[in-house]
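# Structural overview
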Amino acid sequence: MLLIRNARLYTMEGPGLLEGGDVLIDSGKIAAVGVNLSASGAREIDARGAYVAPGFIDPHSHIGLWADGERDETGDGNEMTDPVTPQMRALDAVNPVDPCFAEACRAGVTTVATGPGSANVLGGQFLAMKTFGGSLKAMLVKEPLAMKAAFGENPKMVYGSGGKRPSTRMATAAVLREAFYEARAYMEKRACADADKRPDFNLKNEALAMVLRRELPLKMHAHRADDILTAIRLAEEFNLRASVEHCTEGYLIADELRKANVGVILGPLLTDRGKPELKNLTMKAPAILHRAGVKFALMTDHGVIPEPYLPVEAGLCVREGLPEMEAMRAITIHAAGVLGLEGRLGSLAPGKDADVVLFDGHPLETRTHASLVIVNGNIAYERA
């Protein structure tokens, strides 16, 4: 058992901040949160009034699929041979000993969602994993987590230049629609009582069937406002669980985004306008979306932004008008919620995974270090 005492505790439950709070950890889980807790035999750590928060969560990255220092063509995140590859699994490509996991952990980022890039209209399956654990099996949180889809320039750039579909936004939507209609027909035929009339097993269609049955959400890469609207329209057409990823121009259609039944994962914001779709990129977007009533999480898109800068990005959003507590929620409980993992992660509450970080300053200040990082109840990092 481990008892952290006397902290400024970002519980992310209720009001969110508990002064003089304690966290009791036992058997990898949070056993209790409160004031003046005691536990016989527990190792005690006096936070001395420092900030303690749940481990940060990055809900969209490509960590472990492209190694630092390698060129794009040596990565394993885009199978650029077919615009429809839903059967691809990040599990089969992620490198759990990539040093970027340790760097993320040392910054207090304890959970990441990672998966295929955006070359394909349907790119494959994401997973969620901890940034500490010693083995891929120990680090896994959920697999598969979601299915990746992409709208906009990326699929056009990859396939249109070779004279293949999609070369337009119309074709991207058509390719996705065709794939889901084919998968739906496959599901109906596989359910036929007459075994002789059932189609042969098809891994692509089986993967998409999980999305059509709402077992997996669709992570929809879309930057421009028109692409966001197309993504929402297709999610509604097939009654999918879905989230808009990047959502760069979402603030331009905030009212429509609020009314849509989709999650929002915003970012990366701490980057340049390196392609035409990012011409309206602004760090003010989170504050605008918040004022419009849109709940969102923040991402790094690692390796666009290295994982350790997730809290820095959140802090810069505060500078541009986002309330501090909303910035914290965007990398904790809202990030957990958009991934469907809020029952395990994202706040300090009894029964949740004991992913707890003690900081030597405010968590969103650039000068702050994570001085103690606990993952699944184990001390993963302790700063000298």
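About the criteria used
Residues numbered from 1 in each chain as written. Predicted model: local features only at pLDDT ≥ 70, side-chain atom pairs only at ≥ 80, totals over all residues. Heavy atoms only, no water. Helix = DSSP H or I, 4+ residues; strand = E, 2+ residues; numbered from the N terminus. Buried < 20%, exposed > 50% of the residue type's maximum accessible area, 1.4 Å probe, protein only. Lys, Arg positive; Asp, Glu negative; His and termini not counted. Salt bridge = Lys/Arg side-chain N within 4 Å of Asp/Glu carboxyl O. Polar contact = N/O pair within 3.5 Å; in protein donor to acceptor, adjacent residues only side chain to side chain. Contact = heavy atoms within 4.5 Å. 1 Å grid on protein atoms, 1.4 Å probe; cavity = no way out; pocket = protein on both sides within 12 Å on 5 of 7 lines; lining within 4 Å. Points joined across faces, edges and corners; volume = space filled by probe spheres on them. Nonpolar A, V, L, I, M, F, W, Y, C, P; charged D, E, K, R; others polar. Pairing = 2+ DSSP bridges. Axes fitted to C-alpha atoms, helices over the stretch in contact; angles between N-to-C directions. Right-handed = clockwise from strand over helix to strand, strands pointing away. Phe/Tyr/Trp six-rings, centres within 6.5 Å; stacked < 30°, edge-to-face > 60°. Lys NZ or Arg CZ within 6 Å of the ring centre and 35° of its normal. Core = buried A, V, L, I, M, F, W, Y, C linked by side-chain atoms within 4.5 Å.

For the rest of this paragraph, the subject is the side chain of E313. By secondary structure assignment, the location of E313 is in helix α9 (residues 310–319). The charged side chain of E313 is buried without a salt bridge, its nearest counter-charge being R319 at 12 Å. Here L270 takes part through its backbone nitrogen, which lies 3.4 Å from a polar atom of the side chain of E313. Leave out the neighbours within four places in its chain, and E313 touches P268, L269, L270, M283, L298, M299, T300 and I305.

Opposite charge on two side chains lets them pair, provided their charged atoms get close. Under the definition given, this model contains 26 salt bridges. Between E19 and R8 there is a salt bridge, and its shortest N-O distance comes to 2.9 Å. In this pair, E19 is assigned in strand β2 (residues 17–26) and R8 in strand β1 (residues 2–10), connecting sequence segments 11 residues apart. Of the residues examined, R8 reaches a relative accessible area of 27% and is grouped as partly exposed. Notably, a salt bridge pairs R344 with D353, separated by 2.8 Å at the nearest N-O pair. Of the residues examined, R344 reaches a relative accessible area of 31% and is grouped as partly exposed. By sharing partners, the salt bridges in this structure join E153, K156, R169, R224, D226, D227, K275 and E277 into a single network.

This part is about the environment of P83. Mapped onto the fold, P83 is located in the loop between β6 (56–61) and α1 (99–106). Spatially, the C-alpha atom of P83 lies 7.4 Å from that of G123, the residues being 40 residues apart in sequence. Discounting chain neighbours no more than four positions away, the residues touching P83 are N120, V121, L122, Y159, R165 and P166.

Moving on to empty space enclosed by the protein. For the coordinates displayed, the defined rule picks out 2 cavities of 30 Å³ or more. When its volume is computed, the largest cavity comes out at roughly 50 Å³. P54, L345, G346, D353 and D355 are, among the 13 residues lining the largest cavity, the residues nearest its centre. Classifying every residue of the lining of the largest cavity gives 5 nonpolar, 5 polar and 3 charged. Approximately 30 Å³ is the volume attributed to the second largest cavity.

Within the open sheet, the 8 strands sit side by side as β6-β7-β8-β9-β10-β11-β12-β13. Their pairing is mixed. Looking along the sheet, the strands with just one partner apiece sit at the ends: β6 and β13 (297–298). In this structure, strand β9 (residues 140–150) lies alongside strand β10 (residues 218–222), joined through 4 bridges in parallel fashion. Its bridge partner lying in β10, M147 is registered against L218. Seen against the sheet, helix α6 (residues 225–237) touches β10 and β11 (242–246) and runs at an angle of roughly 160 degrees to β10.

Before going further, it helps to examine the pairing of strand β12 (residues 263–266). Along β12, one buried face is formed by G263 and I265 and the opposite face, lined by V264 and L266, is buried too. Chirality of the crossover, the property in question, places the unit of β11, helix α7 (residues 254–259) and β12 among those that are right-handed. After leaving β12, the chain enters helix α8 (residues 285–291) and then returns to the sheet as β13, a path that is right-handed.

In this section: the packing of aromatic side chains. Scanning the model with the defined rule gives 4 aromatic pairs in all. Between Y10 and Y51 the ring centres are 5.7 Å apart and the planes differ by 20 degrees, which places this aromatic pair in the stacked class. Taken together, the positions of Y10 in strand β1 and Y51 in strand β5 (residues 51–54) put the pair 41 residues apart, joining distant regions of the chain. Ring plane angle 25 degrees and centroid distance 5.6 Å describe the contact between F56 and F359, whose orientation is recorded as stacked. One end of the pair, F56, is in strand β6; the other, F359, is in strand β14 (residues 356–359), and 303 residues separate them in sequence. In textbook terms, an aromatic cluster arises when at least three aromatic residues are bridged by ring pairs, as seen for F180, Y181 and F238. The ring of F126 has K219 sitting right over it, with the charged end atom 5.2 Å from the ring centre.

The next point concerns the nonpolar core. L122, F180, L218, M220 and L298 are the most contacted members of the largest nonpolar core, which has 88 residues in total. With near-sequence residues (within four places) excluded, M220 lies in contact with A149, F151, A231, I232, A235, A242, S243, V244, E245 and V262. The next biggest cluster of nonpolar side chains, apart from the first, holds 17 residues, and it includes L9, V23, V52 and L372.

Bringing the environment of L218 into the picture now. One can find L218 in strand β10. The exposure class assigned to L218 is buried, which follows from its relative accessible area of 2%. Once the C-alpha coordinates of L218 and L358 are considered, the two residues, 140 residues apart in sequence, prove to be 34 Å apart. For L218, the contacting residues outside a window of four places in its chain are L122, M147, K148, A149, F180, V211, L240, R241, A242 and S243.

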